[in-house]
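# Examining the three-dimensional arrangement
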Amino acid sequence: MRNRFSSKPPLRYGMVGGGATSTIGDSHRIALRWDSYYNLVAGAFDRNPEDSRRFGEQLGLDSGRVYGDYQQMAMAEFARVDGIQVVGVMTPNSTHHAIAKAFIEVGIHVILEKPITTTTEDALNLIRLAREHNVLCASMYGYSGYPMIRQARALVANGDLGEITVVQAEFAHGNCATAVEQHSEGAAWRNDPKMAGSTFVLGDVGTHALHLATFITGQQVREVSADRQSFVPGRVLEDNAHVLLRFKKGAAGYLWASGVAVGHRHGLAIRVYGTKAGIAWHQERPNQLRYSPLGETPRLLELDSPELRPQAKRLLRVAAGHPEGYFEAFTNVYSDFAETLIAKLSGTKPDPLCLDYPTLEDGAHGVKFLEACVESADNNGRWCSAELAL
Ligand SMILES: NC(=O)c1ccc[n+]([C@@H]2O[C@H](COP(=O)([O-])OP(=O)(O)OC[C@H]3O[C@@H](n4cnc5c(N)ncnc54)[C@H](O)[C@@H]3O)[C@@H](O)[C@H]2O)c1
């Protein structure tokens, strides 16, 4: 089903950010190539124009399509008959809005890193622009591409868990337990409110946990009560946060985001409980989902379990037992977006299962959640609305 190994990738793709020293650039480059949907033909890869040019050459791109800045790139690519159709934006948070806007306004589809903007107002503006210009956008919540996350969503949607009562999500690591911002550019901008927005770990990792919680349960968060603190001396933004959640359909939840959880290694985990069953997933064992129906012995679902739903099965690439993981999940989001976009460009209907890629609207809910957390934490944990009418 997937367009794997085609000699002529159908989508012309450009990249903004993701330069030689970036953290996430390689994940995007791997994801866009894996199923051969995208051909990377243009880029403004670095804040420094010279570094952008050097890196573009290293990637083997036509030097005429390696740009010094994103505005030049948007205009030049728009003017070409063979210009890019889709751009991936992976720069520091505060730049997302202006960059995405420049491409949306010339009709180029966008895959945008999270958090998609630093204010809800900017997120809503991007949604309005995307609708006005008839452009498709994805928010890069890559973890939603794990087959077992799709399985969890399918189980909830099928009613196998009954009414959802309790949701616990966490994304905690110990990578920032010391003042790493003093010697890492990537950590420095994440702790600078002008570049990161008004949160550190809540936006950097907490929004991933929030997205999984809403993606799996199919429920948005109504209000939050947040507590955040900074443990490393001199750090301005929070490096740890606990958030209580009230979901729209009545579920109660809890989210923990941390950069000072020494010993945790990108500890993304989620547990969802309902009146009929509970499920638990941890990124360190991404191909297993613990499924515990009421009154029965818990089962560990694996990628070859007969219980696997089509939503998960369609994403498998190798026989169960071979480890599949992070890069495949990222690729699954890229490929779902590609199939949806190809259908749009050719005036056909996409496979409905592709539509599970994270959208700009999902990204906007994430930004609203961050604003609500800040408002709540600044007011001693007062319950604050995280609702967003879209
Ligand atoms: N989805 C995920 O799992 C995930 C993981 C890591 C980072 N991210 C997100 O990706 C984004 C980038 O994070 P990172 O860790 O790669 O940052 P980074 O600091 O490691 O890299 C940023 C890159 O963007 C370039 N850049 C900065 N401003 C630019 C501009 N105006 N034009 C062109 N290039 C520019 C820099 O030169 C650098 O190459 C952030 O929004 C972050 O939240 C997402």
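Data block above holds the structure.
Residues numbered from 1 in each chain as written. Predicted model: local features only at pLDDT ≥ 70, side-chain atom pairs only at ≥ 80, totals over all residues. Heavy atoms only, no water.

Among the 9 residues that make up helix H4 (residues 96-104), 7 are buried, leaving the element largely enclosed by the rest of the structure. Here H4 has its buried residues at His96, His97, Ile99, Ala100, Ala102, Phe103 and Ile104. Its buried side turned inward, H4 meets strand E1 (11-17), helix H3 (70-79), strand E3 (86-90), strand E4 (109-112), helix H5 (120-132) and strand E5 (137-139). (Buried < 20%, exposed > 50% of the residue type's maximum accessible area, 1.4 Å probe, protein only. Helix = DSSP H or I, 4+ residues; strand = E, 2+ residues; numbered from the N terminus. Contact = heavy atoms within 4.5 Å.)

Here Asp204 shows up in helix H9 (residues 201-217). With relative accessibility at 15%, the residue Asp204 sits in the buried group. Between the C-alpha atom of Asp204 and that of Ser292, which follows or precedes it by 88 residues, the distance is 31 Å. Beyond its immediate sequence surroundings of up to four residues, Asp204 is in contact with Lys114 and Arg190.

Moving on to unusual backbone geometry. Here the bond from Lys114 into Pro115 is cis, since omega is -20°, no more than 30 degrees from zero. Here Pro115 shows up in the loop between E4 and H5. Here the phi dihedral of Ser36 falls at roughly 60°; this positive angle occurs in a residue that is not glycine. Tracing the backbone through its elements, the reader meets Ser36 in the loop between helix H1 (25-34) and strand E2 (38-44). Despite not being glycine, Asn380 has its phi angle at roughly 60°, a positive value.

For the pair H9 and helix H12 (residues 360-378), the least separation of the axes is 10 Å and the interaxial angle reads 120°. One way to sum up the angle between H9 and H12 is to call them oblique. In the crossing of H9 with H12, the sense of the turn from one axis to the other is right-handed. Where H9 approaches H12, its residues Leu202, Gly203, Thr207, Leu210 and His211 are matched on the opposing element by Asp362, His365, Gly366, Phe369, Leu370 and Cys373. Of the residues contributing to the contact of H9 with H12, the split by class is 5 nonpolar, 5 polar and 1 charged. (Axes fitted to C-alpha atoms, helices over the stretch in contact; angles between N-to-C directions. Parallel < 35°, antiparallel > 145°, perpendicular 65-115°, else oblique. Left-handed = near helix turned anticlockwise from the far one by under 90°. Nonpolar A, V, L, I, M, F, W, Y, C, P; charged D, E, K, R; others polar.)

Now for the side chain of His97. Positionally, His97 belongs in helix H4. On the basis of relative accessible area, His97 is assigned to the buried category, the value being 15%. Polar side-chain contacts of His97 include one of 3.1 Å to the side chain of Asn125. Excluding residues within four positions of it along the chain, His97 makes contact with Ile116, Thr117, Asp122, Asn125 and Leu126. (Polar contact = N/O pair within 3.5 Å; in protein donor to acceptor, adjacent residues only side chain to side chain.)

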